[in-house]
Amino acid sequence: MKPDLHKKFVVGNWKMHTTTADATHLAKEIADGLGAMNIVDRVSVAVCPPFPYLGLVGEILKGSGVALGAQNLYPEKDGAFTGEVSPTMLLDLGCKYVILGHSERRRILGESDAFINQKVRAALTAGLDVILCVGETLDQRNSGQTEAMLDRQLTQGLADVSFGVLNRVTIAYEPLWAIGNLGHHATPQQAQDAHALIRRRVGQMFGEKSAQTLVIQYGGSVKPENAAALLGRPGVDGALIGGASLDAGQFLSIVRAGISEPQTQGKSA
């Protein structure tokens, strides 16, 4: 399967936002909106609420075609780990996906590639599908370290992951310099080139066939205005959405952009 023939995969990361009322309203709007669009067979959709609302949102999403995901986990089944959440708990709440290695956890909470790898392996072993985030800072990009950073994060993050479960891993490319309102925005070509680097590295690790079927999302401030241009690029298989996922109208607009015909211009790195 060629990368640009993937069914697009759009995920909303609500981060540390919403209340019970907000989460209820947002989940219902997304489920109802996606149902009205009738495109579940053309794009895969998931939302990742904060831990306290996973059960609530999961109940609302049942039968909607929208999958439930979590924003993190601790790599043990159970134990004396105060404040942590295990893969088993996430599965019990109906989660299919878990986001791991998000730039905010790397940068703010100091998570290492080795610790992220423990989480990846624990999640896959438990039966969760993984969305592994990778990406570089502006300084690293400006100094020509983008490829080296992606290589390191992929090599260490996917260490000891078996070939047989790689199809349950999605890679989310998050250029840290293009997240939020930092004044920098990645062009569709920059996103496509970075995805090509990731695909090439995964091909070296797991073989060309695995690389070609790998789903790679873009996660750098995706909005309704730029979604079609980004998602239309060959090799950009979906989007990991932050702020825009908190508005059902914006989120559904991005989902809708995921079913557009892929563009053919641009080159791969």
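Structure shown above.
Because the structure is predicted, anything quoted here is derived from the model rather than measured.

1. Let's talk about the overall build of the protein chain
- Counting its regular elements, the protein chain contains 11 helices and 8 strands.
- By the compact-globule yardstick of 18 Å for 269 residues, the protein chain fits well, its C-alpha radius of gyration being 17 Å.
- Its C-alpha atoms put the protein chain at 45 × 45 × 35 Å along the principal axes.
- Burial analysis of the protein chain (269 residues in total) assigns 52% to the buried set.
- Here the protein chain displays about 11900 Å² of accessible surface, and carbon together with sulfur accounts for 52% of that area.
- Placing the 25 positive and 26 negative side-chain charges of the protein chain at their respective mean positions leaves the two points 4 Å apart.

2. Describing helix 8 (residues 188-206)
- With 19 residues, helix 8 extends 26 Å from end C-alpha to end C-alpha; this agrees with the ideal 27 Å at 1.5 Å per step.
- Two residues or fewer after helix 8 comes glycine 207, characterised by a positive phi angle close to 105 degrees.

3. Regarding unusual backbone geometry
- Residues other than glycine seldom take positive phi values, yet lysine 15 does so here, at roughly 50 degrees.
- Assignment of secondary structure puts lysine 15 in the loop between strand 1 (8-13) and helix 1 (20-37).
- Residue serine 221 is not a glycine yet carries a positive backbone phi of 55 degrees.
- Structurally, the position occupied by serine 221 is in the loop between strand 7 (215-218) and helix 10 (224-231).

4. Here we look at the pattern of salt bridges
- This structure, assessed with the given rule, holds 12 salt bridges.
- When the shortest N-O distance is used, the salt bridge between arginine 105 and glutamate 111 registers 2.7 Å.
- For arginine 168, the salt bridge is made with aspartate 129, and the minimal N-O distance between the two is 3.0 Å. With arginine 168 in the loop between helix 7 (146-157) and strand 6 (169-173) and aspartate 129 in strand 5 (residues 129-134), the pair connects residues that are 39 residues apart, well separated along the chain.
- Overall, the relative accessible area of 21% leaves arginine 168 in the partly exposed class.
- Its relative accessible area of 12% is what places aspartate 129 among the buried residues.
- A single salt-bridge network, built from bridges that share partners, covers Lys96, Asp129 and Arg168.

Calculation rules
- Residues numbered from 1 in each chain as written.
- Predicted model: local features only at pLDDT ≥ 70, side-chain atom pairs only at ≥ 80, totals over all residues.
- Heavy atoms only, no water.
- Helix = DSSP H or I, 4+ residues; strand = E, 2+ residues; numbered from the N terminus.
- Rg over C-alpha atoms; globule rule 2.2 N^0.38 Å.
- Buried < 20%, exposed > 50% of the residue type's maximum accessible area, 1.4 Å probe, protein only.
- Areas by Shrake-Rupley, 256 points an atom, 1.4 Å probe, with all protein chains shown as cover.
- Lys, Arg positive; Asp, Glu negative; His and termini not counted.
- Charge placed at Lys NZ, Arg CZ, Asp CG, Glu CD.
- Expected span 1.5 Å × (residues − 1).
- Salt bridge = Lys/Arg side-chain N within 4 Å of Asp/Glu carboxyl O.

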